[in-house]
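Residue-level structure breakdown
Below, each chain spelled out in residue letters.
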Amino acid sequence: MRDYSKRSSYSIRSQLIWTFSAMLVLEMLAFGITSSILFDRTLKENNNNYVSQMIFQMNGIIDNYISYMEDITSVVMQHEDVKDYISSTGDSSVRKALKPGIQGFLFSIKEIRKDLVNLILLFEDGDFISSNPEDRLNETFDFRHENWYLNAGLPFQKPYITSSHVQNLIKGRYPWVISISRSFHNQGEKEGILLLDLNYDVIQELISDVEIGEKGYLFIINPQGEIVYHPRQDLIYNDLKHEKIDPILAMKKGSLLSRVDDEDILYTFGSSADTGWTIVGVSNVKELLSGRRELQNFLWVLTLLTFTIVILISTLLSGRIVKPIESLRKSMQQVEKGNFDIKIDVQCDHEVYDLAEDCNIAIRKIKDLMLQNEQEQELKRKNEFKALQAQINPHFLYNTLDSIIWLIEDNENEDAVRMTEELADFFRLSLNKGREIIPIRQVIEHISSYLVIQQMRYKNKMDYRILVDPELYSYYSLKLLLQPLVENAIYHGIKNQKKEGLVVIRAVKEENCIRFSVEDSGPGIDPETLQQLRAGEIPDASRSGMGLKNVQERLHIFFGNEYDLFFESNPGKGSCIGFTIPLIKEPPQ
Amino acid sequence: MKPSRIITLNILIVFLFLLIYYFSANMSFFSFFKREYNVVLVMKTTERISEFWMILEKGAIQSAEDLGINIEITGPDLEDNIQQQISIMEEVIESRPDAIILAATDYKRLVPVSALAREKKIHLLTVDSFISSDDAECEIGTVNEAAGAKLGAFVSGELNGGDTVALISFVADSSPAIEREQGVRSALGNSFRILDTVYTNNNIDLGYTETKRLLAEYPELKAIAALNENSAVGAFRAVKESDRAGEILFVTFDSDLEMIQGLEDGIIKATLVQKPYNMGYLAVQMAYDLIRKKPVPPSIDTGSELITRDNMYDIKNQKLLFPSI
């Protein structure tokens, strides 16, 4: 069996609260996790789409720009003077004649495009034509060793594009540029290149306006992995910031989640076939997911709030359920203690009210049944009582009638008359109109009649004293209590004795009771029997035994078990048997 | 509890819900808890001539932007206006920023005002030029002794024992000047004849005349080391003019356009370039860490690069020599 004594953990209130809370927590957890995941995915997808699109557009813009610049190189290369100049290798007079025209041509192009830093034709022999006539070459370095010179593609090939660098070609100027170079040949020999330096700031302006959130940005790398543009270029070169360039180069297009400089970074990138450059969009994941953080925070607040509400509601609700049950329980405890007169009022309007009503009905029924039971018991007791009374007299009647017959036969008429009178009195008092409670006066009268008859029967073999204070006469007693005791005294104390016996009847008022006793001067009771008698075991084999038992039972029935017979014995000198009854001043109705 | 009270409670709760929803949906409710940090950078000069300080400023601004904090940049007009820097510091302290980054114009005279800043519970960091007390919680800059030693080691490697070396320093009692000189001297050791240090007081003209005097006075002079930008420019002009240009081992600290050409031409054999961008960037970052009570090292070496004609166009050095401002 489960032990329900440790009730607190099973109480309805705590069960309600726990169940509700657990349900809520699970639900919130499931909701939070799924919504976070979905939210994350959507955020990342949206960001990817957005950045990819931006990169696509940016590539378009840059390709457009670069191809425009390539077109410029084509225009220059198509110029007749330029062609002539190239093909006139070694012919310095021709070159000298053509140079100002070409210079002017280059100058006019550069005038149109302010984003051109340098537009220079450079020749293998060290000759050059710059858009700016004042330009002098920086003689410290040989341009023929520069990458953009060595790697310049053939005229029909795509031009070579460098990453961003400092152009130290012209003396005294060190601009940051992106160089586009294209070689030209004369009779299969590399004759020189056309160098077009783009102002790096222009590229920077094209891109730097693009923003990916607060912390995101775009950067560009060339196929060699060199940085063409990076908004934090200074940080990169100063080793304060890093980018994972190799995997991006390997993939060309797509997206990549990476951890760089203690930050989670989402790279989204795409390459341009024209320039070979890869534009990389960098999104800060933390920033990207800041929306999720807000969602999470909101969920937390929501959970906390709902939690409080749930606890509040379940406390209230359980209170509404538990309180009536508590009061019902208290009422039932009263009923357990025997108080059937209460009416349970639980002050509520749900099932517990019905339960309480049912309990009320049950209590009422139990009360009715108990009353009924009591009445039945009473009836039964009365019947038993009457039967016991009825057992008393027959023998005495026969014996007395015998004695009367003997008196009449012996012509002792006077005695016969007196005996008959006493017998009549005895029976009148015995019956006493069916009343059970009679005044002690009548008890004494009744016992006197009995003793007179017995004395006459046993001639002078016995004597008796009735020592009752007349003050007690007005109290009431149960009838036929004393008579069996006296009968017993005569039977055991007088009848078989050779000497004359004495019977003393006393009634003494004590504090709350009246004590009756019948003494005889017989041999007393042997110790073994006395012990038995005191233990309440009265043998009812003999007639006098039956009488005593009868008295005992009636005392118990009528007054309760605390009113009992008592026995005293003085071996060889006599014994005393008596009882107590409560003080009864008025006969019960 | 009475039904009417439960209804009231429910209405209240619903109202609260709506309120919270409104806040979290319509404004960045939780950003309310984010504090804005204010950092002030007090430079040595706000003059738009000094490339060094403009780059340092650029680094600081970039850092502040990356970290999302506010930065205010101020400083005296000229590098030698110490009193002006002190009063600027006092004003800045009045405005109670979270942190001050100071490039001290004087090693000692900025100490009291620095102590005041610390007293007012403002974080103090020093950048490039430090102070003699330990009021600064973090010093960010070139470890001048190490930088000096780098330059000294280069000179030592190019010379023969017993050669004469001249040192041209800028201010006698400035900490970087002292430390750089110590670094150079310790790297040179005892195997060379080192002339008494010449001070230019950060004046280009004085650098020029003093170098001219040295070249004339000591024809046996094999190497000259100029220990800061202004001194170097003055010395460079003197060396360039002399008939020993390119022959004498002339090394410098810092660079400008004029000196880059000197480097290309081979007049300057090597220059030690500092990293002002790093200084500005890291100073703001450290200030941010200090404000957020993160542990910060007492000093950060932003490093330096020895640049020669051979490596000056390496992509990393391009950025150092030709910072795009």
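Residues numbered from 1 in each chain as written. Chains lettered and ligands numbered in written order. Predicted model: local features only at pLDDT ≥ 70, side-chain atom pairs only at ≥ 80, totals over all residues. Heavy atoms only, no water.

This part is about the overall build of chain B. Per the secondary structure count, chain B includes eleven helices and 13 strands. Taken over the C-alpha atoms alone, chain B extends approximately 110 × 40 × 30 Å along its principal axes. Here chain B has roughly 14700 Å² of accessible surface; of this, 53% comes from carbon and sulfur atoms. The centroid of the 31 positive side-chain charges in chain B is displaced by 8 Å from the centroid of its 46 negative side-chain charges. (Helix = DSSP H or I, 4+ residues; strand = E, 2+ residues; numbered from the N terminus. Areas by Shrake-Rupley, 256 points an atom, 1.4 Å probe, with all protein chains shown as cover. Lys, Arg positive; Asp, Glu negative; His and termini not counted. Charge placed at Lys NZ, Arg CZ, Asp CG, Glu CD.)

Of the regular secondary structure elements, chain A holds 16 helices and 17 strands. Rg of the C-alpha trace for chain A: 67 Å, well past the compact-globule value of 25 Å for 589 residues, more than 25% over. Along the longest, intermediate and shortest principal axes, the C-alpha atoms of chain A span 210 × 45 × 35 Å. Per-residue burial for chain A yields a buried fraction of 46% across its 589 residues. When contacts within chain A are restricted to residue pairs at least 6 apart in sequence, long-range pairs at least 24 apart make up 63% of them. Of the accessible surface of chain A, which amounts to about 31700 Å², a share of 53% is contributed by carbon and sulfur atoms. Of the side-chain charges in chain A, 65 are positive and 84 negative, and the distance between the mean point of each set is 7 Å. (Rg over C-alpha atoms; globule rule 2.2 N^0.38 Å. Buried < 20%, exposed > 50% of the residue type's maximum accessible area, 1.4 Å probe, protein only. Contact = heavy atoms within 4.5 Å.)

What links the strands of a sheet is backbone hydrogen bonding, and the strands pair in either a parallel or an antiparallel sense. All names here are of chain B. Strand order across the open sheet formed by six strands is 2-1-3-4-5-12, with parallel pairing between neighbours. Strands at the two margins of the open sheet, each flanked by one partner only, are strand 2 (70-74) and strand 12 (299-301). When the angles between neighbouring strand axes are averaged without regard to direction, this sheet yields 20°. Here strand 3 (residues 99-102) runs beside strand 4 (residues 123-127); their pairing, made up of four bridges, is parallel. (Pairing = 2+ DSSP bridges. Axes fitted to C-alpha atoms, helices over the stretch in contact; angles between N-to-C directions.)

Let us look at the nonpolar core. Core analysis: the biggest nonpolar cluster contains 75 residues, and A:Leu121, A:Leu198, B:Leu221, B:Ile224 and B:Phe250 have the highest contact counts within it. Here the element with the most residues in this core is helix 1 (residues 12-78) of chain A; it accounts for eleven residues. In contact with B:Phe250, other than residues within four places in its own chain, are B:Ile224, B:Ala226, B:Ala232, B:Ala235, B:Phe236, B:Val239, B:Ile267, B:Ile268, B:Lys269 and B:Ala270. (Core = buried A, V, L, I, M, F, W, Y, C linked by side-chain atoms within 4.5 Å.)

This part takes up the interface of chain B and chain A. The interface is formed by 36 residues belonging to chain B together with 30 residues belonging to chain A. Buried area between chain B and chain A, summed over both chains or domains, comes out near 3200 Å², and the portion from carbon and sulfur atoms is 65%. The interface formed by chain B and chain A includes one salt bridge. The salt bridge involving B:Asp66 is made with A:Arg232; its shortest N-O contact spans 3.1 Å. Contributing elements (two or more residues each) for the side of chain B that touches chain A: helix 1 (3-26), helix 2 (51-67), helix 9 (257-265), helix 10 (276-291) and helix 11 (315-321) of chain B. When grouped by side-chain class, the residues that make up the side of chain B that touches chain A number 20 nonpolar, seven polar and nine charged. (Buried area = accessible area lost by both parts, 1.4 Å probe. Salt bridge = Lys/Arg side-chain N within 4 Å of Asp/Glu carboxyl O. Nonpolar A, V, L, I, M, F, W, Y, C, P; charged D, E, K, R; others polar.)

Here we take up the domain arrangement of chain A. Once the domains are mapped, chain A shows domain 1 (79-202), domain 2 (340-384) and domain 3 (392-582). Each of domain 1 of chain A and domain 2 of chain A has a C-alpha centre, and the two are 120 Å apart. (Domains from an automatic or database assignment.)

Residue and element names in this part refer to chain A. Of all the eight residues making up strand 1 (residues 116-123), eight are buried; the element is thus mostly covered by neighbouring parts of the structure. Where strand 1 meets strand 5 (residues 189-199), seven bridges bridge the pair, whose relative direction is antiparallel. Note on strand 5: the bridge partner recorded for Ile120 is Leu195. Linkage of strand 1 to strand 2 (residues 128-130), two consecutive antiparallel strands, is achieved through a turn of four residues, within which Gly126 is found at a positive phi near 100°.

The next point concerns the side chain of A:Glu191. All names here are of chain A. Along the chain, Glu191 turns up in strand 5. A polar atom in the side chain of Glu191 sits 3.1 Å from the side chain of Arg95. Each residue touching Glu191, except ones within four places of it in the same chain, is listed here: Ile86, Thr89, Arg95, Leu122, Phe123, Glu124, Tyr149, Phe184, His185 and Asn186. (Polar contact = N/O pair within 3.5 Å; in protein donor to acceptor, adjacent residues only side chain to side chain.)

A few words on the pattern of salt bridges. All names here are of chain A. Applying the stated criterion across every chain yields a total of 29 salt bridges over all chains. Note that Asp115 and Arg113 form a salt bridge whose closest N and O atoms lie 2.8 Å from each other. Residue class for Asp115 comes out buried when judged on its relative accessible area of 9%. One salt bridge in this structure joins Arg173 and Asp135, with 3.6 Å as the shortest N-O distance. Placement of the pair is Arg173 in the loop between strand 3 (160-166) and strand 4 (176-186) and Asp135 in the loop between strand 2 and helix 4 (147-150), with a sequence separation of 38 residues. Classification of Arg173 by relative accessible area gives partly exposed; the value is 29%. Taken together, the salt bridges that share partners define one network made up of Arg95, Lys99, Asp125, Asp127 and Glu191.

Here we come to the packing of helix 8 (residues 229-241) of chain B against helix 9 of chain B. All names here are of chain B. Relative orientation of the contacting elements helix 8 and helix 9 amounts to 50°, with a least axis distance of 10 Å. The orientation of helix 8 relative to helix 9 falls into the category oblique. The element helix 8 and its partner helix 9 pack so that their crossing is left-handed. Contacts between helix 8 and helix 9 involve Glu229, Ala232, Val233, Phe236 and Arg237 from the former and Glu258, Met259 and Gly262 from the latter. Here the residues of the contact of helix 8 with helix 9 are counted per class, giving four nonpolar, one polar and three charged. (Parallel < 35°, antiparallel > 145°, perpendicular 65-115°, else oblique. Left-handed = near helix turned anticlockwise from the far one by under 90°.)

On to helix 14 (residues 482-494) of chain A. All names here are of chain A. Along its 13 residues, helix 14 runs 17 Å from first to last C-alpha, staying within 8% of the 18 Å computed at 1.5 Å per residue. The element helix 14 is extensively covered by neighbouring structure, given that eleven of its 13 residues are classed as buried. Turning to helix 14, its buried residues number three or more, namely Leu482, Gln483, Pro484, Leu485, Val486, Glu487, Asn488, Ala489, Ile490, Gly493 and Ile494. (Expected span 1.5 Å × (residues − 1).)

Negative charge collects at one region of the surface, where A:Asp201, A:Glu205, A:Asp209, A:Glu211, A:Glu214 and B:Glu65 lie side by side. Tracing the sequence through the fold places A:Glu205 in helix 5 (residues 200-208). (Patch = residues over 30% accessible without salt bridge, like charges linked within 9 Å, V, L, I, M, F, W, Y side chains within 5 Å.)

Once that is clear, we can look at the sheet that holds strand 10 (residues 278-284) of chain A. Residues and elements named next belong to chain A. Strand order in the open sheet made by the five strands is 7-6-10-9-8, with antiparallel pairing throughout. The open sheet has two free edges, formed respectively by strand 7 (227-229) and strand 8 (254-260), since each of these has just one partner strand. Averaged over all neighbouring strand pairs, the angle between strand axes comes to 35°, with direction disregarded. Along the sheet, helix 1 contacts strand 6 (217-221), strand 8, strand 9 (263-271) and strand 10; its crossing angle with strand 9, the most-contacted strand, is approximately 40°. Sitting on the sheet, helix 5 is in contact with strand 6 and strand 7, with an inclination near 70° to strand 7.

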